[in-house]
Amino acid sequence: MFSLSWRTQRSFFPVSKRLHYLSCRPSTTGPLKSFSRLQSPLPAPQKRCYSQFAERNKVGVFTPKSAALFVITGIGLLYYFRYEKARMLEEREKERQTRSFGRPNIGGPFTLTAANGSPFTHENLLGKWSLVYFGFTNCPDICPAELDKVTTVMDKIVQTHGQIFLPIFISVDPARDTPAKMKKYLEEFHPSYIGLVGSYDETKAVCKQYRVYFSTPPNADPNDDYLVDHSIFVYLMDPDGKFVNAFGQNVGVDEMTEKISAAIEEWKVEKGKTT
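Residues numbered from 1 in each chain as written. Predicted model: local features only at pLDDT ≥ 70, side-chain atom pairs only at ≥ 80, totals over all residues. Heavy atoms only, no water.

Novice: Explain the overall build of the protein to me, please; I cannot follow it from the model alone.
Specialist: From N to C terminus, the protein includes eight helices and seven strands. Classification of the 275 residues of the protein by burial places 30% in the buried group. Partitioning the intrachain contacts of the protein with sequence separation of at least 6 by distance along the chain shows that 70% fall at a separation of at least 24. Per element, the accessible surface of the protein, about 18600 Å² overall, is 57% carbon and sulfur. (Helix = DSSP H or I, 4+ residues; strand = E, 2+ residues; numbered from the N terminus. Buried < 20%, exposed > 50% of the residue type's maximum accessible area, 1.4 Å probe, protein only. Contact = heavy atoms within 4.5 Å. Areas by Shrake-Rupley, 256 points an atom, 1.4 Å probe, with all protein chains shown as cover.)

Novice: When you look at the UniProt feature "transmembrane region" (unreviewed entry) in the protein in this model, what are you seeing that I'm missing?
Specialist: UniProt annotation of "transmembrane region" (unreviewed entry) refers to residues 66–83 when read in the numbering used here. Helix makes up 100% of residues 66–83 and strand makes up 0%, while its end C-alpha atoms are separated by 26 Å. (UniProt positions renumbered as here; feature names shortened; annotations may be inferred.)

Novice: Help me out: how do you make sense of unusual backbone geometry in this one?
Specialist: Across residues other than glycine, the phi torsion is negative in most instances, and most of the peptide bonds are trans. Unusually for a residue other than glycine, Arg-211 sits at a positive phi of about 60°. Checked against the element boundaries, Arg-211 lands in the loop between helix H7 (200–209) and strand S6 (233–237). The exposure class of Arg-211 is exposed, given its relative accessible area of 54%.

Novice: How should I be thinking about the side chain of Asp-238 in this particular structure?
Specialist: The topology assignment puts Asp-238 in the loop between S6 and strand S7 (243–248). Of the polar contacts made by the side chain of Asp-238, one reaches the backbone nitrogen of Asp-240; its length is 2.8 Å. The residues contacting Asp-238, other than those within four sequence positions of it, are Arg-103, Lys-128, Trp-129, Val-244 and Trp-267. (Polar contact = N/O pair within 3.5 Å; in protein donor to acceptor, adjacent residues only side chain to side chain.)

Novice: Before we go on, may I ask you to explain the side chain of His-190 in this structure?
Specialist: With respect to the helices and strands, the residue His-190 is situated in the loop between helix H6 (179–186) and strand S5 (194–197). Look at His-190 and you get buried, because its relative accessible area is 7%. Polar side-chain contacts of His-190 include one of 3.1 Å to the backbone nitrogen of Ser-192. Sequence-distant contacts of His-190, that is, excluding residues within four places in its chain, are made with Thr-151, Met-154 and Asp-155.

Novice: Looking at this model, I keep getting lost on the state of the cysteines. Mind explaining?
Specialist: In protein structure, a disulfide is the covalent linkage between the sulfur atoms of two cysteines. Counted by the stated rule, this structure contains zero disulfides. Free cysteine Cys-143: the closest other cysteine sulfur is in Cys-139, separated by 3.2 Å. (Disulfide = S-S within 2.5 Å.)

Novice: Sorry if this is basic, but what is going on with helix H5 (residues 142–161) here?
Specialist: Structural remark: α-helix, 3.6 residues per turn; residues separated by three or four positions point the same way. For H5, spanning 20 residues, the distance from its first C-alpha to its last is 28 Å, which sits close to the expected 28 Å at 1.5 Å a residue. Within H5, the full set of buried residues consists of Cys-143, Pro-144, Glu-146, Leu-147, Lys-149, Val-150, Thr-151, Val-153, Met-154, Ile-157 and His-161. Those residues of H5 that are buried lie in contact with strand S3 (129–135), strand S4 (165–171), H6, S6, S7 and helix H8 (253–271). Just past H5, the residue Gly-162 takes up positive phi, approximately 85°. (Expected span 1.5 Å × (residues − 1).)

Novice: Got a minute to help me understand the environment of Pro-140 in this structure?
Specialist: Position of Pro-140 relative to the elements: it lies in the loop between S3 and H5. Look at Pro-140 and you get exposed, because its relative accessible area is 56%. As for Pro-140 and Leu-227, which are separated by 87 residues in sequence, their C-alpha atoms are 8.8 Å apart.

Novice: Even after reading the chapter, I still don't get the pairing of S6, so can you show me in this structure?
Specialist: Within a regular strand, the side chains alternate between the two sheet faces. With respect to burial, S6 is a largely interior element, four of its five residues being buried. One ladder, built from five bridges, connects S6 with S7; its direction is antiparallel. The partner of Val-234 across the bridge, within S7, is Phe-247. Between the antiparallel neighbours S6 and S7 lie five residues, among them Gly-241 with a positive phi of about 80°. (Pairing = 2+ DSSP bridges.)

Novice: Is there a simple way to explain the confidence of the model for the protein in this structure?
Specialist: Reading fine detail from the predicted coordinates is not recommended where pLDDT is low. For the protein, the mean per-residue pLDDT works out to 80, and 71% of the residues sit at or above 70. When the elements of the protein are averaged for pLDDT, helix H2 (residues 15–24) gives the smallest value, 47, and S5 the largest, 97. Confidence over residues 15–39 falls short of pLDDT 50; this stretch has 12 contacts with residues more than four positions distant or in other chains. (pLDDT = per-residue confidence, 0-100.)

Novice: Even after reading the chapter, I still don't get the packing of aromatic side chains, so can you show me in this structure?
Specialist: Each aromatic ring pair is characterised by the separation of its centres together with the angle its planes make. Inspection of the entire model under this criterion finds 11 aromatic pairs. Taken together, a centroid distance of 6.2 Å and an interplanar angle of 85° make the contact between Phe-134 and Tyr-235 edge-to-face. Of this pair, Phe-134 sits in strand S3 while Tyr-235 sits in strand S6; the two residues are 101 residues apart in sequence, bridging distant segments of the chain. Judged by relative accessible area, Phe-134 falls into the buried class, the value being 1%. Clustering of aromatic rings is evident, with ring pairs tying together Phe-134, Tyr-210, Phe-233, Tyr-235 and Phe-243. Over the face of the ring belonging to Tyr-226 we find Arg-176, whose NZ or CZ atom lies 3.6 Å from the ring centre. (Phe/Tyr/Trp six-rings, centres within 6.5 Å; stacked < 30°, edge-to-face > 60°. Lys NZ or Arg CZ within 6 Å of the ring centre and 35° of its normal.)

In structure tokens:
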């Protein structure tokens, strides 16, 4: 057998393998080194000092573009909040008007006589909250119980809101109830009570304004012993003389106090004052 030289054998290999062998051949000059394709050294990593990062952050965080975006966003938020505020005020006004139009038409002009003998009209109710109750001094149980309830409510409200209420007691027994009798009768209840009496026609007129039923006949004899059937409601009127709520006999002190306080707070938000 004969052997071919290295150069002769190399000529039979494909070009790709020849390149592989050429690249993997050891260097013939000098000491033995690594393969030629691994000889090129890697570039040394560049080092950046802290001052370069700080300078980049200082310049890049608040650029003119970001400043313009910040200003535009602020202006947009300002207009948005103004729009929302106007919308909320408009909705509140619509709600107030809806409540006003939705209230029963209770209350109105009247002329009666107070327990001290002086005239008393609906205009005397303006500027304060009023709790108006209709009854009579000869009532055996219901009227005293309702007047006691109003007295307890008044004591609670005064502690929180001060002297902003007028408790009113209007007689539905014009034949027997007189100013002097009303004055003596109400001394057993809250000292702020104002007792009002009138003629039959005046009593009928004020009862019609408040939609109160009473059974006293126009020709009732003051010396007769009779009972008067009448509506049992305590009417809450606001400082403008407008009806707010009506509390029946089944409404307790706590519920009544809570609803009156809520009405006062709502009025305060709307008007900016309690009366």
